[in-house]
Amino acid sequence: MSENLAAQLTEEELREMPMVDLVHKILQSKGEPMLYRDLLQEVARLKGFSEEETMRYIAQLYTEINIDGRFVCVGRSLWGLKHWYPTEQTTDSAVAGNIKDDFDDEDLDEELYEEEEEALDQDEYGGNAFDDGFDGDDVFPDDEDTMVNADMEDEEDSL
């Protein structure tokens, strides 16, 4: 695939071509969606990037692909050309159909539920978040009594 692309373009054209345009040509040449990491590796190989340069351009290339209207994400890190898909297919249902999970949704739901329960059951000090020390037998004075007593103390202090 890229050998064909490399044969079509001179070294100077490859060097001068923006990475995002190169990704477009790679996808056109392949004719099917590719994982982002594979696209990045292919761009790095064609441009002759070192490992350090490749790492430096990871976020930049991803951002450029993400905002460029020619591309569409059709799965987890799976990118294709927008014109390959009818509008209806670029919705969540199309994305969901292309996602390959390493785990069941039920397992994920169960793990998330357990984590939420643990977080709710503990306060920031590791204790029970719902234990306020009030057992229901404590007696609190009425607010009015407290206010009256406070007013009387103020009058005594002023005398």
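Residues numbered from 1 in each chain as written. Predicted model: local features only at pLDDT ≥ 70, side-chain atom pairs only at ≥ 80, totals over all residues. Heavy atoms only, no water.

Below, the discussion takes up unusual backbone geometry. Of note in this structure, Ser 77 is not a glycine but carries a positive phi near 60 degrees. With respect to the secondary-structure elements, Ser 77 resides in the loop between strand E2 (71-75) and strand E3 (78-81). Since its relative accessible area comes to 34%, Ser 77 is described here as partly exposed. (Helix = DSSP H or I, 4+ residues; strand = E, 2+ residues; numbered from the N terminus. Buried < 20%, exposed > 50% of the residue type's maximum accessible area, 1.4 Å probe, protein only.)

Let's shift gears to the nonpolar core. Where a protein is soluble and globular, its nonpolar side chains tend to be buried together. Residues Leu 22, Val 23, Ile 26, Leu 61, Ile 65 and Phe 71 are the most contacted members of the largest nonpolar core, which totals 21 residues. Every element with two or more residues in this core is listed here: helix H3 (19-30), helix H4 (36-47), helix H5 (51-67) and E3. Residue contributions to this core peak at six residues, all from H3. Leaving out residues up to four positions away in the same chain, Phe 71 has contacts with Val 20, Val 23, His 24, Leu 27, Ile 65, Trp 79, Gly 80, Leu 81 and Lys 82. (Core = buried A, V, L, I, M, F, W, Y, C linked by side-chain atoms within 4.5 Å. Contact = heavy atoms within 4.5 Å.)

The subject of this paragraph is the pattern of salt bridges. The full count for this structure, using the stated rule, is four salt bridges. The closest approach of N and O atoms between Arg 70 and Asp 21, which form a salt bridge, is 2.8 Å. Of this pair, Arg 70 sits in the loop between H5 and E2 while Asp 21 sits in helix H3, and the two are 49 residues apart along the sequence. Between Glu 42 and Arg 45 there is a salt bridge, with the nearest N and O atoms lying 3.1 Å from each other. Here Glu 42 pairs with Arg 45, and both are found in helix H4, just three residues apart, close to one helical turn. According to the relative accessible area criterion, Glu 42 is buried, its value standing at 12%. Relative accessible area serves as the criterion here: at 44%, Arg 45 is assigned to the partly exposed category. (Salt bridge = Lys/Arg side-chain N within 4 Å of Asp/Glu carboxyl O.)

Turning next to the sheet that holds E2. Here we have three strands laid out as an open sheet, ordered E1-E3-E2, and antiparallel in their pairing. Every other strand in the sheet has two partners, leaving strand E1 (34-35) and E2 as the edge strands with one partner each. Here E2 pairs with E3 via four bridges, running antiparallel. Looking at E3, one finds that Gly 75 is bridged to Leu 78. (Pairing = 2+ DSSP bridges.)

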